[in-house]
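Take a look at the letters that make up each chain.
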Amino acid sequence: ADGKSSGSHGGGGAYLERSSLYLYEDARVVENIAQNGAGLFLIKQNSLVNASGRARVERNSATEEGGALLGLTLAKIQFGEAAAVVNNSAGEKGGGIRLIQYCELVLAGDAAVRANVVAGDGAGVYASESRVRLRDRARVSENAASFYGGGLYLTDASRAECSGSSALHGNVARYGG
């Protein structure tokens with residue numbers, strides 16, 4: 001999905017319902033616009049996005065939630081090797097990634113969520129009732145939120161696990177996080 005796509009409610013680049021999308025090598029999801037999940041919108045159990053190599057989800061813009069990706073109800077997002085979510089924006093929650101209700105995000109290898117912005121909370125990742133795992137050398141860095149959670153914003157019993165030399169680095173929020 002490389003180009004200027006537009007989805008009125010969700011999934012400007014792609015909408016996945018109980019489906020999978022694999023991004024390999026230099027694959028890109030770029031410059032898409034939607035109300036929610038501008039780059040990719042995943043909904044329901046067994047929905048999966050797996051990105052590896054130097055794949056990018058970048059320069060996507062959501063007017064509400066999930067600039068790059070929005071995962072809803074048991075969706076799974078995996079980024080490995082040097083894959084990244086970069087330079088995305090949202091108006092309310094999750095400039096980079098928004099997770100809602102039992103979703104899982106795994107960043108491994110040198111994967112990154114970097115330089116995303118939000119006019120509200122959770123510039124890098126905003127998670128509700130979900131799990132975020134950073135492994136190896138994964139980074140959530142240089143994200144900027146107007147209110148809370150420059151790197152991560154976790155709510156409603158969400159959980160984050162960081163291992164290896166993974167890091168939250170250089171994120172900015174007006175009030176905290």
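Preceding block: the structure.
To keep things clear, this report deals only with the structure shown in the data block. (Residues numbered from 1 in each chain as written. Predicted model: local features only at pLDDT ≥ 70, side-chain atom pairs only at ≥ 80, totals over all residues. Heavy atoms only, no water.)

## Observations regarding the sheet that holds strand β9 (residues 69-72)
And step 1. The parallel open sheet is built from six strands, whose spatial order is β2-β5-β9-β13-β17-β21. Each edge of the sheet is formed by a strand with only one pairing partner; in this case those strands are β2 (14-17) and β21 (152-155). Recorded for the sheet is a direction-independent mean angle of 5° between the axes of neighbouring strands.
And step 2. Across four bridges, the pairing between β9 and strand β13 (residues 97-100) is parallel. Across the sheet, Gly-71 pairs through a bridge with Leu-99, a residue of β13. (Pairing = 2+ DSSP bridges. Helix = DSSP H or I, 4+ residues; strand = E, 2+ residues; numbered from the N terminus. Axes fitted to C-alpha atoms, helices over the stretch in contact; angles between N-to-C directions.)

## Considerations on the nonpolar core
One broad rule of soluble globular proteins: the nonpolar side chains tend to lie buried together.
And step 1. Counting residues in each nonpolar core, the largest one holds 29 residues, and the members touching the most others are Leu-69, Phe-79, Ile-97, Leu-99 and Leu-107.
And step 2. Leu-107 has contacts with Phe-79, Val-113, Arg-133, Leu-134, Arg-135, Ala-138, Arg-139 and Val-140, leaving out every residue within four places of it along the chain.
And step 3. Core analysis: the second largest hydrophobic core is formed by seven residues, Ala-34, Ala-38, Ala-62 and Ala-145 among them. (Core = buried A, V, L, I, M, F, W, Y, C linked by side-chain atoms within 4.5 Å. Buried < 20%, exposed > 50% of the residue type's maximum accessible area, 1.4 Å probe, protein only. Contact = heavy atoms within 4.5 Å.)

## As for the packing of aromatic side chains
And step 1. For the structure shown, the criterion picks out five aromatic pairs.
And step 2. Seen from their ring centres, Tyr-15 and Phe-41 are 5.2 Å apart, and the 15° between their planes marks the pair as stacked. Of this pair, Tyr-15 sits in strand β2 while Phe-41 sits in strand β5 (residues 40-43); the two residues are 26 residues apart in sequence, bridging distant segments of the chain.
And step 3. On the basis of relative accessibility, which here comes to 45%, the residue Tyr-15 falls in the partly exposed class.
And step 4. Arranged with centres 4.4 Å apart and planes meeting at 15°, the rings of Tyr-126 and Tyr-153 form a pair that is stacked. Taken as a pair, Tyr-126 in strand β17 (residues 125-128) and Tyr-153 in strand β21 lie far apart in primary sequence, 27 residues in all.
And step 5. Given the relative accessible area of 22%, Tyr-153 is considered partly exposed.
And step 6. In textbook terms, an aromatic cluster arises when at least three aromatic residues are bridged by ring pairs, as seen for Phe-147, Tyr-148 and Tyr-175. (Phe/Tyr/Trp six-rings, centres within 6.5 Å; stacked < 30°, edge-to-face > 60°.)

## Considerations on the environment of Ala-55
And step 1. Within the secondary structure, Ala-55 sits in the loop between β6 (48-51) and β7 (56-58).
And step 2. Sequence-wise, Ala-55 and Tyr-24 are 31 residues apart; in three dimensions their C-alpha atoms are separated by 5.9 Å.
And step 3. Ala-55 has contacts with Leu-23, Glu-25, Ala-27, Arg-28, Ala-82, Ala-83 and Ala-84, leaving out every residue within four places of it along the chain.

## Considerations on the pattern of salt bridges
And step 1. A complete count under the given rule lists 12 salt bridges for this structure.
And step 2. As a salt-bridge pair, Arg-59 and Glu-58 come within 3.8 Å of each other at their nearest N and O atoms.
And step 3. For Glu-65, the salt bridge identified is with Arg-98, shortest N-O distance 2.7 Å. Highlighted residues: Glu-65 in strand β8 (residues 61-65) and Arg-98 in strand β13, separated in sequence by 33 residues. (Salt bridge = Lys/Arg side-chain N within 4 Å of Asp/Glu carboxyl O.)

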